[in-house]
Amino acid sequence: MTTALEEQVAVYRTLPPDQRVAITRLADKETRAALAWAEQQMAIERSPGAMAAALTGGREWQARHLDLIDQAFVRIANGERMRVLLNMPPRHGKSARAARWAPLWYLARYPDHRIMIASYAAKLAEGHGRWIRDSIRAHGDTIGINLRYGSQAANRFDLEGAEGGLVTAGVGGSLTGMGANVAIVDDPLKDAKDADSPVKLATLWDWWQQVINTRMEPNGSIIVIQTRWSENDLAGRILQSGAEDWTVLNLPAIAMTEGDPLGRSVGEPLWPERFHRKHLDRFKKDVGERGWWALYQQEPRPLEGGVWKWPWITDNRISAAAFRGVDLTRTLVAIDTAGGREDSDEVGLIGGGRDATGEMYLLADKSRKMGAAEWGRAACLLAIELQADAFVVEANFGGDMAAQILRQAWSELQREGLTGGMLMPRIIEVTAKVGKRLRAEPVAQLYENGHVHHVGEFPGLEVQYVSWIPGMDSPDRMDAAVHLLTELADPAAAAVGATSYRDQRLTGRR
């Protein structure tokens, strides 16, 4: 390549895509070849996924969820110190992208840096190292790095003419004397048996604290990639110990909430180009309820506690399509305010109803951490959505204030024209006169007898149900649901609510 052509290529690399396309169309054969080489180099430098596409001729999988891994590594390469927790279902490309292509791309950018890869077994981590080593052998001239002679083992190698390289290890293995600019922990647990073993979990946590974290350079970054196995797996322990410094990418196989990291609609698959909804439904049947929620939905469910059992929920669940044929005679929104402070627990916000035969349906769980103004508006919006005839709110803790918050929020929505002329639902203040177990057990019996149906899935509430043991503080979602179902099940309230409605707002529902 002549000096003039080198200068032309250097300018070409700074131009926007449309100008580059126009220049390539007019270029002669020699110049076009040089520009094609420049395009390949730009792709290799852009991100791990772009490198993968360039080096495989577009054969490597590309997807939106893999772009999130790319973005994390680009931020790290740009000098940002990151702690990334990536939870993703099996067979969705997380290891290939985060433990193979991303380290290869990073080393090409920073050949003086060192990367550490660990997994539940030394051989699995070594497999990633072997793939990266062989890729350097195959593409070294293209990506600009080569292996140092005499240091080319799969589990540890150094780069030629630089200080950088890679080392791999199994969880529990020694990394004494080895430092890292980037540490990647890929699948730290082998299977459900390990995830249920207190000894395995304790060993993993000790290794995490005393080995991985002590091997990091001052500005080093850590990426933990895993499929969830249990509440106390590595991801669970990190979240329990405080994840304020972590970027958490929780990617269920099927989107469950409106706050999905990819902006998916509820029910949308993570990788529809490869795993359609029917494939995922088959997986759910094959792996069972607990395996599905842990491995695919990244919501590990605990073993059953002392009051609720999983089959009581799962065996009576119905779909939104099946619910369309149900006529409700009452619809309520229940609130457990948790004090309504910004620093308090979640506000329990549950919607549900009953039909003329006494069957009850849980319709919505909008619980989350909210201040007083926020939960008042959220409760009123849910009441409008469900056309609820009453709010149920516990009066023990700020009940009068809760009623005032609801009235104020409703008035604001009226002024904004969002109530659609709907009358404000009655406020039913309930007082918890008995212990938590005595309140919860009759509702659990309704579930056991098959009279409560969840319309869809509510993992946050359901986990609270089955993991609650008498003597524990009852969580806010569960408290709100218990108040809602207690009111719906009350024979005295079955006809017209706790008291008669003079405005006949329930006319036509029976």
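The written sequence of each chain sets the order in which its residues are numbered from 1. Only residues with pLDDT of 70 or above have their local features reported here, since the model is predicted, and side-chain atom pairs are shown and tallied only from 80 upward, although totals for entire chains, interfaces and linings are computed over all residues. For the side-chain quantities, the full set of heavy atoms in the structure was used; hydrogens and water were omitted.

## Observations regarding the overall build of the protein chain
When helices and strands are counted, the protein chain shows 18 helices and 14 strands. Evaluated residue by residue, the protein chain yields a buried proportion of 51% over its 510 residues. Contacts in the protein chain between residues far apart in sequence, at least 24 positions, make up 71% of those at least 6 positions apart. Counting every atom, the protein chain has about 23600 Å² of accessible surface; 50% of that belongs to carbon and sulfur. Helix and strand definitions follow DSSP, with helices as H or I runs of at least four residues and strands as E runs of at least two, each counted in order from the N terminus. Throughout, exposure labels follow a simple rule: accessible area from a 1.4 Å probe, protein chains only, divided by the maximum for the residue type, with under 20% read as buried, over 50% as exposed, and the rest as partly exposed. Two residues form a contact once any of their heavy atoms are found within 4.5 Å. Throughout, the Shrake-Rupley method with a 1.4 Å probe supplies accessible areas, and for residues the shown protein chains are the sole cover considered.

## With respect to the sheet that holds strand β5 (residues 165–170)
If you walk across this open sheet you meet the eight strands as β3-β4-β5-β2-β6-β7-β1-β8, and the pairing is mixed. A strand with exactly one partner marks an edge of an open sheet, and here the two such strands are β3 (147–153) and β8 (247–250). Direction aside, the axes of adjacent strands within the sheet are offset by 15° on average. When DSSP finds two or more bridges between two strands, those strands count as paired. Both strand β4 (residues 156–159) and β5 contribute to a ladder of three bridges, which runs antiparallel. In this description, a line fitted to the C-alpha atoms serves as the axis of each element, helices being fitted only across the stretch in contact, and the angle between N-to-C directions of two axes falls anywhere from 0 to 180 degrees.

## Some remarks on the packing of aromatic side chains
Planes of paired rings set the category: under 30 degrees apart is stacked, over 60 is edge-to-face and the rest tilted, where pairs are Phe, Tyr or Trp rings (Trp by its six-membered ring) whose centres lie within 6.5 Å. Counted under the stated rule, the structure contains 12 aromatic pairs. Seen in terms of ring centroids, W271 and F275 are 6.4 Å apart; in terms of plane orientation they differ by 75°. Their pairing is edge-to-face. Side by side, W271 and F275 carry an identical accessibility label, which is buried. Arranged with centres 5.2 Å apart and planes meeting at 15°, the rings of W292 and Y296 form a pair that is stacked. You can see W292 and its partner Y296 sitting in helix α11 (residues 277–296), four residues apart, about one turn around the helix.

## Quick notes on the packing of helix α3 (residues 29–46) against helix α4 (residues 48–56)
α4 packs onto α3 with a crossing angle of 140° between their chain directions and a minimal axis gap of 5 Å. One element, α3, and the other, α4, form an angle in the oblique class. As for how α3 packs across α4, the hand of that crossing is left-handed. On the side of α3, the interface is formed by Q40, A43, I44 and R46, while α4 contributes A50, M51, A54 and L55. Each residue gets one of three labels, nonpolar for Ala, Val, Leu, Ile, Met, Phe, Trp, Tyr, Cys and Pro, charged for Asp, Glu, Lys and Arg, and polar for the others, Gly among them. Within the contact of α3 with α4, the residues separate by chemical class into six nonpolar, one polar and one charged. These descriptions rest on fixed angle ranges, namely under 35 degrees for roughly parallel, over 145 for roughly antiparallel, 65 to 115 for roughly perpendicular, and the rest for oblique. Crossing handedness is read from the near helix: turned anticlockwise from the far helix by less than a right angle, it gives a left-handed crossing, and turned clockwise, a right-handed one.

## Remarks on unusual backbone geometry
Glycine aside, a negative phi is what most residues show, and trans is what most peptide bonds show. Despite not being glycine, Q298 has its phi angle at roughly 60°, a positive value. By the element assignment, Q298 lies in the loop between α11 and α12 (310–314). Non-glycine residue Q387 carries a positive phi angle of around 55°. Note that Q387 resides in the loop between α14 (372–386) and β12 (390–394).

## Thoughts on the nonpolar core
The definition of a nonpolar core used throughout is a set of buried Ala, Val, Leu, Ile, Met, Phe, Trp, Tyr and Cys residues joined through side-chain atoms within 4.5 Å. Among the nonpolar cores identified, the biggest contains 52 residues, and F73 and I184 are the most heavily contacted of them. With eight residues, the top contributor of residues to this core is helix α6 (residues 94–109). Sequence-distant contacts of I184, that is, excluding residues within four places in its chain, are made with F73, A98, A99, P103, I115, M116, I117, A118, I223 and I225. With 33 residues, the next largest nonpolar core counts W310, M360, V482 and L485 among its residues.

## Let's talk about the pattern of salt bridges
By salt bridge we mean one thing: a side-chain nitrogen of Lys or Arg within 4 Å of a carboxyl oxygen of Asp or Glu. Considering all chains together, one arrives at 19 salt bridges under this definition. When the shortest N-O distance is used, the salt bridge between E268 and R64 registers 3.8 Å. Separated by 204 residues along the polypeptide, E268 in the loop between β8 and α11 and R64 in helix α5 (residues 64–77) bring together distant segments of the chain. Given the relative accessible area of 27%, E268 is considered partly exposed. The partner of R330 in a salt bridge is D389, and the shortest N-O contact between them spans 3.0 Å. Of this pair, R330 sits in strand β9 (residues 328–336) while D389 is found in the loop between α14 and β12, placing the two residues 59 residues apart along the sequence. Connected through salt bridges with shared partners, the residues R114, R148 and D158 form a single ionic network.

## Section: the sheet that holds strand β10 (residues 348–355)
By way of backbone hydrogen bonds, the strands of a sheet pair with one another, either parallel or antiparallel. The strand order across the open sheet built from six strands is β13-β12-β9-β10-β11-β14, with neighbouring strands paired in mixed fashion. Each edge of the sheet is formed by a strand with only one pairing partner; in this case those strands are β13 (426–430) and β14 (452–454). The average angle at which neighbouring strand axes cross in this sheet is 25°, direction not considered. Bridge count between β9 and β12: four bridges; the pairing is parallel. Of the residues in β12, the one forming a bridge with L332 is A390. On the sheet, helix α17 (residues 459–467) packs against β10, β11 (360–365) and β14 and is oriented at approximately 135° with respect to β14.

## Focus on the side chain of Q464
Summarising the element assignment, Q464 is placed in helix α17. Residues within four places of Q464 in sequence aside, it is in contact with E346, P475, D476, R477 and M478.

Such coordinate-based values are descriptive only and should not be taken to indicate function.
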